[in-house]
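# Summary of structural features
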Amino acid sequence: CFNLNTSHQPLTEVYREVDKLPEVKKSFVGSGIRYDMLLNDKATNEEKMSHKEYMEELITRHVSGRLTVAPEHTSDKVLKIMRKPSFNYFKKFTSIFNNINNKHNLNQQLIPYFISSHPASTEEEMAELAYETKQLNFNLEQIQDFTPTPMTVATVIYYSGYHPYTLEPIFTAKTKREKENQRMYFFWYKRDMRNKISHRLKQLKLFKLEQELFKKKH
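Read on for an overview of the structure. Please read all numbers here as calculations on a predicted model, not as lab measurements.

Criteria and thresholds
Residues numbered from 1 in each chain as written. Predicted model: local features only at pLDDT ≥ 70, side-chain atom pairs only at ≥ 80, totals over all residues. Heavy atoms only, no water. Helix = DSSP H or I, 4+ residues; strand = E, 2+ residues; numbered from the N terminus. Buried < 20%, exposed > 50% of the residue type's maximum accessible area, 1.4 Å probe, protein only. Contact = heavy atoms within 4.5 Å. Pairing = 2+ DSSP bridges. Axes fitted to C-alpha atoms, helices over the stretch in contact; angles between N-to-C directions. Parallel < 35°, antiparallel > 145°, perpendicular 65-115°, else oblique. Left-handed = near helix turned anticlockwise from the far one by under 90°. Nonpolar A, V, L, I, M, F, W, Y, C, P; charged D, E, K, R; others polar. Lys, Arg positive; Asp, Glu negative; His and termini not counted. Salt bridge = Lys/Arg side-chain N within 4 Å of Asp/Glu carboxyl O. Phe/Tyr/Trp six-rings, centres within 6.5 Å; stacked < 30°, edge-to-face > 60°.

## Thoughts on the overall build of the protein
The secondary structure content of the protein amounts to ten helices and three strands. When its helices and strands are written in sequence order, the protein yields α-α-α-β-α-α-β-α-β-α-α-α-α. Dimensions of the protein, computed from the C-alpha atoms along their principal axes, are close to 60 × 50 × 35 Å. Expressed as a percentage of its 218 residues, the buried residues of the protein come to 42%. Within the protein, contacts between residues separated by at least 24 positions form 69% of all contacts whose residues are at least 6 apart in sequence.

Printed below as a string of structure tokens:
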């Protein structure tokens, strides 16, 4: 929205005021970062400057070693139903996070949170998630299976099988096998999962994804 003021200057000032308190040795932010707002293309130049200043302040002074963020999926199709921003924003934030860490010789981790079996997520989307996160050098830890939540579009789709606004049929993994098949892609890096995932991708005729996910580095 053009009317949304995304300046982070007031929040940056709050962080600095907290750190001035004699009783506070260090203040940390564990999660809840809206990186899509920090990378808002529609922001004014003044807002963009505040975003840059905030990210520098956050990453250099308020991360206890690990910062959790929630891209939730890599597929824009799934993210649209979640009403979440494109995964490209997370990629940009990851790059900024790594650059600031390198600049200040910090050894900090970004921990992304993802969901499997969300409406519109198929095994192909999950295999692509595995590939995308592999490219970013993430071995996922923070993961969850989709749980219907009242008053959400996703829950309406889960129970009805249709998008309530477009009446388009939407697939949702519901059975134990379907959910397990989606969840396993999170753990492509584990030896006991590799053969199972490789076999499943071949069954689904997703040969290119199988080759990309498991190709050896030379």
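Having seen it, we continue.
## Side note on the sheet that holds strand β2 (residues 109-116)
With parallel pairing, three strands are arranged side by side in an open sheet as β1-β2-β3. Strands at the two margins of the open sheet, each flanked by one partner only, are β1 (66-72) and β3 (142-145). Strand-to-strand, the axes of this sheet are offset by a mean angle of 20°, without reference to chain direction. Strand contacts of helix α5 (residues 87-103): β1 and β2, with the helix running at about 165° to β2, the strand carrying the most contacts.

## Details of the packing of helix α1 (residues 9-20) against helix α3 (residues 45-61)
Direction vectors running N to C along α1 and α3 enclose 30°, while the axes themselves pass 9 Å from each other. On the basis of the axis angle, α1 is roughly parallel to α3. As for the relative orientation of α1 and α3, their crossing is left-handed in sense. Counted together, Gln 9, Leu 11, Thr 12, Tyr 15, Arg 16 and Asp 19 of α1 and Ser 50, Glu 53, Tyr 54, Glu 57, Leu 58 and Arg 61 of α3 form the full contact between these two elements. Split by residue class, the contact of α1 with α3 holds four nonpolar, three polar and five charged.

## What to know about the side chain of Lys 134
With respect to the element layout, Lys 134 can be found in helix α6 (residues 123-135). Within the buried set, Lys 134 has no salt-bridge partner at all; the shortest N-O distance to an opposite charge, 7.7 Å, is to Glu 212. If we ignore the near neighbours within four places in the chain, the residues touching Lys 134 are Trp 188, Glu 212, Leu 213, Phe 214 and Lys 215.

## Focus on the environment of Phe 87
The residue Phe 87 is located in helix α5 in this model. The spatial distance from the C-alpha of Phe 87 to the C-alpha of Tyr 113 is 12 Å, given a sequence separation of 26 residues.

## Quick notes on the packing of aromatic side chains
Applying the stated rule across the entire model yields eleven aromatic pairs. Ring centres of Phe 186 and Phe 187 lie 6.3 Å apart, and the angle between their planes is 75°; this geometry places the pair in the edge-to-face category. Note on Phe 186: relative accessible area 0%, which makes it buried. Three or more aromatic residues joined by ring pairs make a cluster, and in this case those are Tyr 35, Phe 87, Phe 90, Phe 93, Phe 114 and Phe 138.

## Digging into the packing of α6 against helix α10 (residues 207-214)
Where α6 meets α10, the closest approach of the two axes is 10 Å, and the angle between their N-to-C directions is 25°. By the criterion of interaxial angle, the relationship of α6 to α10 is roughly parallel. For the element pair α6 and α10, the recorded crossing hand is left-handed. In this structure, α6 uses Glu 124, Ala 127, Glu 128, Ala 130, Tyr 131 and Lys 134 to contact α10, whose residues at the interface are Leu 209, Glu 212, Leu 213 and Phe 214. Residue composition of the contact of α6 with α10, grouped by class: six nonpolar, no polar and four charged.

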